[in-house]
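Architecture and fold: a report
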Amino acid sequence: MFKQVGSALKHQARNVLFLATGRPVSPTPISSMTLDADDVALAKDLLSHKDSWLDKKSVHIFEQAFCDFTGADEAASFNAGRIALSAILSSLEIQHGDEVVVPGYTCVVVPNAVTTAKAIPVYCDIELDTYGLDINCLKQRVSSRTKVIILQHLYGLVCRDFEAILEFARKRGIAIIEDCAHATGASYRGVKVGLHGDAGFYSCEQSKVFNSTCGGVAVSRRSDLMQRIRSFQSNASWPSEHQIESALKTVILNHYRFKHSDRWWRGDLALMKYGDWAYVSTTPAEVSQNTGVPGQVRMSGAVAVIARNQILKTAAYNNKRIKNAQAWSEWCQERSVRQPMIIDESEPIFLRYPVLMDTQYKRSPYTMLKHHGILPGDWFRSHLHPASIKLDDCPNAQIAVEQCINLPCLNDDD
Ligand SMILES: *Cc1c(COP(=O)(O)O)cnc(C)c1O
């Protein structure tokens, strides 16, 4: 509590400084912009109905809504996207020592899921058009021990070499897992991403397309895999009461900190009330890779209620993102900034709008606020964000680490 009061005071002092120097006190936030008053009302109601927190029916209703949105036949929810990935790796019956190709520009929790499955992550470089796996590098990284390729649709784009990678893997009998943590709702040739490979996973962590503070979903069109993913889910435990309370309070906290129009002061009030409950998505032990994926944990009924409310709004929010991305595209053209590629027959949803700009902006996003009036996201400050791990032989990823910032795709009036 004292810590929260301290940071609130510091924040308000900064606001005074910003007002004095003519900078906006609340620049457009880059995260939690889908949390509205109705989500807050649900979270408050759930906080006073503890008896409903482990309700399996709510989980089922969310999974059904997720299927309706993506067109999947079946979906299994977990307490995080990384656990959904664990479920998929387990369903693929990965053996000790098998190799799994992982993009060399991703979240550390992705290789953590691979090592948790006792497999070996083999890092592959990305391309700089969509920040997905580069097919030429992939061909060099694959060996006779490769069982799985994890490809990614980063920032809500559909990855450039998608078709080529699917075909390459199919010919060799290598399974494809689509990491759709950023791309819920994006599609390729009219089919949502996540449904093109052997399996796909999504995230509803607090910075993602839809947001219930924590959560993830696994899908597979292969019935053998889906059955094993389901059984992984039935054997999973529930999150702790503390985790659920933290997730619900963080919905309220993030609404006031990031979405509310008076967030410049209401955010601080919320921080004093709920700050001690703020949900930690990735623990220090995960970042330092001293631990793997945090358990075999399913999505709680309480979080599922929020996740369902969010997924019902995702199509509308994604349309706004797509519209705002068009404005960023023009912004890039006016300044000769390299913009992301939209591959033929794809419909990206632009969780964020990634651009390659001068390294000073990646080093200090506030420099971007000063020069351009935009506070960008700095996702992937390292090859395995947020762990400060540097990978060799991933030169494009290195460029992205140094130059790729991402611009917000939802505005205050959206
Ligand atoms: C966030 C993220 C994940 C993991 O999702 P969680 O729900 O946080 O476990 C996986 N891959 C990428 C690229 C991500 O950004």
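Everything below is about the structure shown above.
Attention in this report is confined to the structure presented alongside it. Residues take numbers from 1 onward in each chain, read along the sequence in its written order. Where totals are concerned, whole chains, interfaces and linings use all residues; where local detail is concerned, this predicted model gives features only for residues with pLDDT of at least 70, and gives and counts side-chain atom pairs only at 80 or more. Side-chain descriptors were evaluated using all non-hydrogen atoms of the structure, hydrogens and water having been removed beforehand.

**Quick notes on the environment of serine 7**
The criterion, for reference: A run of DSSP states H or I qualifies as a helix once it reaches four residues; a run of E qualifies as a strand once it reaches two. Both are numbered from the N-terminal end. Residue burial is assigned from relative accessible area. The probe radius is 1.4 Å, only protein chains are included, and a residue is buried under 20% of its type maximum, exposed over 50%, and partly exposed in between.
Locating serine 7 in the fold gives a position in helix 1 (residues 2-20). Accessibility expressed as a relative area gives 28% for serine 7, which makes it partly exposed. Here the alpha-carbon distance between serine 7 and glycine 275, two residues 268 residues apart in the chain, equals 10.0 Å.

**A closer look at the sheet that holds strand 11 (residues 346-347)**
So the rule is basically this: Each pair of strands is called paired provided DSSP finds at least two bridges between the two strands.
The antiparallel open sheet is built from 3 strands, whose spatial order is 8-7-11. Strand pairing shows two members of the sheet lacking a second neighbour, strand 8 (191-192) and strand 11, which therefore form its edges. Pairing analysis gives 2 bridges linking strand 7 (residues 187-188) to strand 11, with the strands arranged antiparallel. Within strand 11, the position partnered with tyrosine 188 by the bridge is serine 346.

**Some points on the nonpolar core**
As a reminder of what qualifies: For the purposes of this section, nonpolar cores are sets of buried Ala, Val, Leu, Ile, Met, Phe, Trp, Tyr and Cys residues that join through side-chain atoms within 4.5 Å. Here, residues are in contact when the closest pair of their heavy atoms is within 4.5 Å.
Ranked by internal contacts, the top residues of the largest apolar core, which has 115 residues, are Tyr105, Tyr131, Leu138 and Ile149. Not counting the four nearest positions on each side in its chain, tyrosine 131 is found in contact with Tyr105, Ile126, Gln152, Leu154, Tyr155, Leu157, Pro354, Val355, Leu356, Ala400 and Cys404. Among the nonpolar cores identified, the runner-up in size contains 16 residues, and Leu271, Tyr274, Ala302 and Ile306 belong to it.

**Here's the deal with the site of the ligand**
Operational definition: What makes a residue near a molecule or strand is one non-hydrogen atom of that residue sitting within 4 Å of it. The definition of a polar contact used here is a pair of N or O atoms within 3.5 Å, where within protein one atom must be able to donate a hydrogen and the other to accept one, and adjacent residues in sequence count solely through side-chain atom pairs. Residue-level accessible areas treat just the shown protein chains as cover; the underlying method is Shrake-Rupley with a 1.4 Å probe. Under the convention adopted here, Pro, Cys and the residues Ala, Val, Leu, Ile, Met, Phe, Trp and Tyr are nonpolar, Asp, Glu, Lys and Arg are charged, and Gly plus all remaining residues are polar.
Gly81, Arg82, Asp179, Ser203 and Lys208 are the nearest of the 16 residues found near the ligand. Aspartate 179 has a polar side-chain atom sitting 2.7 Å from a nitrogen atom of the ligand. Contacts to the ligand include lysine 208, whose side-chain N or O atom sits 3.1 Å from an oxygen atom. Burial of the ligand by the protein chains amounts to 97% of its free accessible area of 370 Å². If you list the elements that add at least two residues to the shell around the ligand, you get helix 4 (81-91), strand 3 (106-107), helix 5 (109-116) and strand 9 (199-203). Among the residues forming the shell around the ligand, the class breakdown is 7 nonpolar, 5 polar and 4 charged.

**As for the state of the cysteines**
Where we set the bar: Put simply, a disulfide is two cysteine sulfurs that come within 2.5 Å.
Tallied over the entire structure, the rule returns 0 disulfides. Cysteine 67 carries a free sulfur, and the closest cysteine sulfur to it, the one in cysteine 204, is 14 Å from it. Under the relative-accessibility criterion, cysteine 67 is labelled buried at 6%. The closest cysteine sulfur to the non-disulfide-bonded cysteine 409 is located on cysteine 332, 10 Å from its own sulfur.

**With respect to a nonpolar patch on the surface**
Stated formally: Any residue with relative accessible area above 30% and no salt bridge may belong to a patch, with like charges joined within 9 Å and the nonpolar Val, Leu, Ile, Met, Phe, Trp and Tyr side chains within 5 Å. What makes a salt bridge here is a side-chain nitrogen of Lys or Arg within 4 Å of a carboxyl oxygen of Asp or Glu, nothing more.
Side chains of Trp264, Trp265 and Leu269 sit close together on the surface and give an oily, nonpolar patch of about 300 Å² of accessible area. Among the secondary structure elements, leucine 269 is positioned in helix 10 (residues 263-274). Residue classification places leucine 269 among the partly exposed residues on the basis of a relative accessible area of 47%.

**What to know about helix 2 (residues 37-47)**
To keep things clear, this is the line we draw: It is the directions from the helix axis to the C-beta atoms that the arc portrays.
For helix 2, the complete set of buried residues consists of Asp39, Val40, Ala43 and Leu46. The arc that holds every buried residue of helix 2, seen down its axis, measures 125 degrees, which confines them to one face. Elements in contact with the buried residues of helix 2: helix 9 (241-259) and helix 12 (301-335).

**Re the packing of helix 3 (residues 56-70) against helix 12**
Which entries qualify depends on this criterion: Helix axes use the C-alpha atoms of the stretch in contact, all axes being lines fitted to C-alpha atoms, and the angles between their N-to-C directions lie in the range 0 to 180 degrees. Angle categories: roughly parallel below 35 degrees, roughly antiparallel above 145, roughly perpendicular from 65 to 115, and oblique for all the rest. Crossings are classed by handedness, with left-handed meaning an anticlockwise turn of the near helix from the far one by less than a right angle and right-handed meaning a clockwise turn.
Between helix 3 and helix 12, whose axes approach to 7 Å, the crossing angle comes to 20 degrees. Here helix 3 lies roughly parallel to helix 12, going by the angle between them. As helix 3 runs across helix 12, the sense of the crossing is left-handed. Where helix 3 approaches helix 12, its residues Ser58, Val59, Ile61, Phe62, Ala65, Phe66 and Phe69 are matched on the opposing element by Gly301, Ala304, Val305, Ala307, Arg308, Ile311, Leu312, Thr314, Ala315 and Asn318. For the contact of helix 3 with helix 12, the residue count by class is 12 nonpolar, 4 polar and 1 charged.

**Describing the pairing of strand 6 (residues 175-179)**
Let me state the cut-off plainly: Seen with the strands pointing away from the viewer, any crossover whose path from the first strand over the helix to the second strand runs clockwise is right-handed.
Of all 5 residues that make up strand 6, 5 are buried, and the element is covered over most of its length. The side-chain alternation of strand 6 yields two buried faces, one formed by Ala175, Ile177 and Asp179 and the other by Ile176 and Glu178. Pairing analysis gives 5 bridges linking strand 5 (residues 146-152) to strand 6, with the strands arranged parallel. Note that in strand 6 the partner of valine 148 across the bridge is alanine 175. At this point the chain moves from strand 5, through helix 7 (residues 162-172), to the parallel strand 6, and the crossover so formed is right-handed. Where strand 6 and strand 9 come together, 3 bridges link them in parallel fashion. Counted as the bridge partner of aspartate 179 is phenylalanine 201 from strand 9.

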